[in-house]
2 protein chains.
Amino acid sequence: MEQASAAENFIERMGLISQVDGAPRIAGRILGLLIVEGRPFTLDEMAERLKISKASASTNARQLRASGIIRLVAHAGDRHDYYELGSDPYRRSMETISERLASIGSEVIEAAASFPEGQAEAKRRVCQFGRFYLRMGERLKAWSEQVEDEADTTTN
Amino acid sequence: MEQASAAENFIERMGLISQVDGAPRIAGRILGLLIVEGRPFTLDEMAERLKISKASASTNARQLRASGIIRLVAHAGDRHDYYELGSDPYRRSMETISERLASIGSEVIEAAASFPEGQAEAKRRVCQFGRFYLRMGERLKAWSEQVEDEADTTTN
DNA sequence: GCAGTCGTTCAGTCAAGACTGAACGAACTG
DNA sequence: CAGTTCGTTCAGTCTTGACTGAACGACTGC
């Protein structure tokens, strides 16, 4: 049995967290890797280090990129795609969540709008539910604009 | 093809939202049903209305109950278990999320503690990540204590 | 042109878990 | 006690989607 370093341990834990959240485990592990190492990685490096196929590395990295958590960087004279932690990755991920919440909120309110006359009470409850999501999204978005400041002030 | 009422439409939509969030679809549909109808339901009623087995109704209702979103009520002289929306269901669900975030945060920080000397930078980044989750949990918790007030002041 | 090196895509496999039917135990009723 | 009526549990099925290997297209340098 291979001795698990603290880094590997953290990376695997990130995978499990990601999995419980309904996201692919590999995505969490990639994020963990980039956090631990703190430098850009190519798909091949990620695949080798995490013992996954290059296909999985490509797919999951792109998905993480789509949610703004990691970003693609290029080095001159090097054809590789390098992925690294984006700037303010946490703020960005909060924005992504915020957008999703707001989207659900308006979706629900839209659904509420089509309720017939006779169900005013039901309509009211559905509307309230939708507004809860909207408010949550707005609040999260407001937070995300403070987070980057705090991150700078943390010394350890 | 059956004509889909606004209520059914909303319920199904809730199921999809729940599914995307990684939770069972039936759980979302049950929640939607309870929001729309605004009255207690027995497992049999839910099973019939949502066209699911009683086993699914039982399992998912209990799961929703565990996260504090719905609650169990009893009527005198009636052996049935009735489920209805809990008091402040949204606040309660936020508390559940908040606890989970805090739990992840301390888990990550704990993992960071086991980093060896030579990886001070990595340890710092992991710690920062953990603190982000902790802070997010704390904020959500603080906010959940205001939400119930706002809910009362909403007129429509 | 060809060979090599990227990232992506796609068909296929496989495992996780959602869902069900049937059996079960508990609590009533007569 | 037998007969119902609940809720729960468990074995089994089946769907979803994560993951992979192999093929592919784009690009580079020779």
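So, a few notes on the structure that sits alongside this text. Every value quoted in this text rests on a predicted model; they were computed, and no experiment measured them. (Residues numbered from 1 in each chain as written. Chains lettered and ligands numbered in written order. Predicted model: local features only at pLDDT ≥ 70, side-chain atom pairs only at ≥ 80, totals over all residues. Heavy atoms only, no water.)

Quick look at the protein's contact with DNA strand D
- The environment of DNA strand D is made up of 19 residues, and the closest members are Ser56(A), Ser58(B), Arg79(B), His80(B) and Asp81(B).
- Per the 4 Å cut-off to the protein, sugar and phosphate atoms form 78% of the nearby atoms of DNA strand D.
- The side chain of Lys54(B) places a nitrogen or oxygen atom 3.1 Å from a base nitrogen of DNA strand D.
- One of the side-chain nitrogen or oxygen atoms of Ser58(B) is found 2.6 Å away from a phosphate oxygen of DNA strand D.
- For the surface near DNA strand D, the secondary-structure elements that each account for two or more residues are helix H2 (25–37) and helix H4 (54–66) of chain A together with helix H3 (43–50) and helix H4 (54–66) of chain B.
- Per-element accounting of the surface near DNA strand D gives the leading share, four residues, to H4(B).
- Residues belonging to the surface near DNA strand D are distributed by class as follows: six nonpolar, five polar and eight charged. (Near = heavy atom within 4 Å. Polar contact = N/O pair within 3.5 Å; in protein donor to acceptor, adjacent residues only side chain to side chain. Helix = DSSP H or I, 4+ residues; strand = E, 2+ residues; numbered from the N terminus. Nonpolar A, V, L, I, M, F, W, Y, C, P; charged D, E, K, R; others polar.)

Regarding the environment of Trp143(B)
- Residue position: Trp143(B) is located in helix H6 (residues 120–153).
- For the pair Trp143(B) and Gly86(B), spaced 57 residues apart in the sequence, the C-alpha separation amounts to 19 Å.

Quick word on the interface of chain B and chain A
- At the junction of the two partners, chain B supplies 45 residues and chain A supplies 45 residues.
- The contact between chain B and chain A buries some 4,400 Å² in all, and 64% of this surface belongs to carbon and sulfur atoms.
- On inspection of chain B and its partner chain A, the count reaches two salt bridges.
- The salt bridge involving Asp21(B) is made with Arg100(A); its shortest N-O contact spans 3.1 Å.
- Counting residues per element, the ones that place at least two in the side of chain B that touches chain A are helix H1 (6–20), helix H2 (25–37), helix H5 (89–113) and H6 of chain B.
- Sort the elements by how many residues they give to the side of chain B that touches chain A and H6(B) lands first, with 16 residues.
- Residues that form the side of chain B that touches chain A fall into these classes: 24 nonpolar, nine polar and 12 charged. (Contact = heavy atoms within 4.5 Å. Buried area = accessible area lost by both parts, 1.4 Å probe. Salt bridge = Lys/Arg side-chain N within 4 Å of Asp/Glu carboxyl O.)

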